[in-house]
Amino acid sequence: MTRILAAAVVVAGGLVVARRLARRRRAVAPAADRRWHSLTVYRTLDEVSANLPDRLRTLEVQLRSAPGGRGTELRVRAAGAGLPAGEVERILRLSRSLLEVGEVLR
Amino acid sequence: MRALQWQGPNQLAVGEVPDPRIRTRGDIVVRVRQSVTCGSDLHVLGGSNPYVEKGDVLGHEFVGEVVEHGPDVQRHRKGDRVVVASFIACGRCWFCSQREYSLCDNGGCFGFSHAGSHAEYVRVPFADVGAFTVPDEITDERALFASDSAATGWMGADMAGVKVGDVVAVWGAGAVGQLAARAAILLGADRVMVIDRHENRLHQAEKHIGAETINCDRTDVGAELLDRSGGRGPDVCLEAAGELTAVREAVQLCRKGGSVFVLGLFAGAMDKFPLGSVTSNGLTVRSARMHGQRYIPMLLQRMAKGELTTEHLATHVLPLTQAPEGYRLFRTREDGCVRSVFLP
């Protein structure tokens, strides 16, 4: 009986902790991502601006040459209401692959 | 086709999976002739890699024959025997331009992000960058290890800056440790010492590699290294054991101003790192995953000349159908297993 009670206490404690963590996650989770995100593409400014992937055309985009011959710094953020967390970074990574190798490795 | 699949933590099974096919213009499809286990697979096997899913095919170190190629492939044709770098690299990003292929922005790794080589066939993306024709005079058993182990070992010795006259200590007498020691010898090191606790591996390091050995279970490694280096400590310390204690020892025992290279695969944080030794002794500490594309052509030349032999590392050669048993032997080191090689 003692063992059953102890197990019940542990389960109840776990539920309380889980509820608190869920509340904390809800409290800090951004509704939408409107921050600028940057990434460097190993292609010249002219090449990048002439071949901007379609997915980037729905975003605000800034381009500038990267120092040290590293290519072009691509800076983007979601236009309007924003995008779910992580989506802008995902689009950036896919765009870099398209610009550098013409495809996304699957 | 048949392939070795991860089915959950410490669960492997040989099952049927779809044949690979050309998906992009730079791909080749390779019929695997030999594929070998690697210590890094054990992280996946244990379930610590969150990106590997049930049913994924393991294996990243292999030699095989081209059976199909995409229209943009220039360097390979059907029937070519090739060894393939375990890291997939695009050859067109900034990191590839610096020859740091395992940092490729658009790549991956067989058996982790992409279907592995413990299978009858494997698709190789960016084949002109990562696949290399094997000269006729090199056996499969030798070429196989150019794919990863030999390239990893050579990279450690090279990037740690081994030079003529150096004293070099290598932690770990597995395939990578032995081949790092061989690289140090070929780069002109005066003394190369391999540290391990398994006598069969140390015996291999002496007999096939030409290194001195230290059994860490029977000897005070620090005292021994100091004695064998005239009280200075090794000029270069190469960690190839994949153990935190080995990293600590390498940092603590390296000579002032020396160089430490970590070849083992580590994930996450490491507590009690002897940072004071790094700062007080002016050490250079480096690490990398394998930039195989940088080294494989040179390694194949050395293999052809007989400077670099690897056949002894394949202690257990099994059909692919027995791959789960091969991994059990490899993981437990039972029966003196250094590496299990699978024949699809």
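Just so it is clear, the model here is predicted, and its values are computed rather than measured. (Residues numbered from 1 in each chain as written. Chains lettered and ligands numbered in written order. Predicted model: local features only at pLDDT ≥ 70, side-chain atom pairs only at ≥ 80, totals over all residues. Heavy atoms only, no water.)

Asker: Looking at this model, I keep getting lost on the interface of chain B and chain A. Mind explaining?
Answerer: Size of an interface: often given as the accessible area lost when the parts come together. With 16 residues of chain B at the interface, the matching set in chain A holds eleven residues. With both sides pooled, the region where chain B packs onto chain A buries about 1,300 Å², and carbon together with sulfur makes up 49% of that total. The largest contributions to the chain B side of the interface with chain A come from Arg 92, Trp 94 and Asn 106 of chain B, which together make up 46% of the buried area. The tally of links from chain B across to chain A stands at one salt bridge. Asp 105 of chain B is the partner of Arg 96 of chain A in a salt bridge, and the nearest nitrogen-oxygen pair spans 3.4 Å. Linking chain B with chain A are nine residue pairs in polar contact (both at pLDDT 80 or more), by the criterion used here. (Contact = heavy atoms within 4.5 Å. Buried area = accessible area lost by both parts, 1.4 Å probe. Salt bridge = Lys/Arg side-chain N within 4 Å of Asp/Glu carboxyl O. Polar contact = N/O pair within 3.5 Å; in protein donor to acceptor, adjacent residues only side chain to side chain.)

Asker: What should I look at first to understand the UniProt feature "domain: Alcohol dehydrogenase-like N-terminal" (unreviewed entry) in chain B in this one?
Answerer: Feature annotation in UniProt places "domain: Alcohol dehydrogenase-like N-terminal" (unreviewed entry) on residues 25-129 of chain B, given in this structure's numbering. For the annotated span residues 25-129 of chain B, helix accounts for 11% and strand for 29% of the residues, and the straight-line distance between the end C-alpha atoms is 13 Å. (UniProt positions renumbered as here; feature names shortened; annotations may be inferred. Helix = DSSP H or I, 4+ residues; strand = E, 2+ residues; numbered from the N terminus.)

Asker: Even after reading the chapter, I still don't get the packing of aromatic side chains, so can you show me in this structure?
Answerer: How two aromatic rings sit relative to each other is given by the distance of their centres and the angle of their planes. Residue and element names in this part refer to chain B. What the rule picks out here adds up to four aromatic pairs over all chains. Centroid distance Tyr 327 to Phe 330: 6.5 Å. Interplanar angle 80 degrees. Geometry classified as edge-to-face. With a gap of three residues between them, Tyr 327 and Phe 330 both fall in helix 12 (residues 323-332), about one helical turn apart. Exposure remark for Tyr 327: the relative accessible area of 1% places this residue in the buried category. (Phe/Tyr/Trp six-rings, centres within 6.5 Å; stacked < 30°, edge-to-face > 60°. Buried < 20%, exposed > 50% of the residue type's maximum accessible area, 1.4 Å probe, protein only.)

Asker: I keep staring at the sheet that holds strand 10 (residues 167-171) of chain B and nothing clicks. Help me out?
Answerer: Two strands in a sheet stick together by hydrogen bonds in their backbones, pointing the same way (parallel) or opposite ways (antiparallel). Residues and elements named next belong to chain B. Strand order in this open sheet of six strands is 12-11-10-13-14-15, and the pairing throughout is parallel. Each edge of the sheet is formed by a strand with only one pairing partner; in this case those strands are strand 12 (212-215) and strand 15 (284-287). Each strand axis lies, on average, 20 degrees off the axis of its neighbour in the sheet, ignoring direction. Against the sheet, helix 5 (residues 149-159) makes contact with strand 13 (236-239), strand 14 (259-262) and strand 15, and its axis sits at roughly 155 degrees relative to strand 14, the strand it touches most. (Pairing = 2+ DSSP bridges. Axes fitted to C-alpha atoms, helices over the stretch in contact; angles between N-to-C directions.)

Asker: Just checking my understanding: could you explain the nonpolar core for this structure?
Answerer: Within soluble globular proteins, side chains that are nonpolar generally end up buried alongside one another. With 71 residues, the main nonpolar core has Val 168, Val 170 and Leu 238 of chain B as its most contacted residues. Each residue touching Val 170 of chain B, except ones within four places of it in the same chain, is listed here: Gly 177, Ala 180, Ala 181, Val 192, Met 193, Val 194, Ile 195, Leu 238 and Ala 240 of chain B. Listed in part, the 23 residues of the second largest apolar core include Leu 105 of chain A together with Cys 93, Cys 96 and Val 124 of chain B. (Core = buried A, V, L, I, M, F, W, Y, C linked by side-chain atoms within 4.5 Å.)

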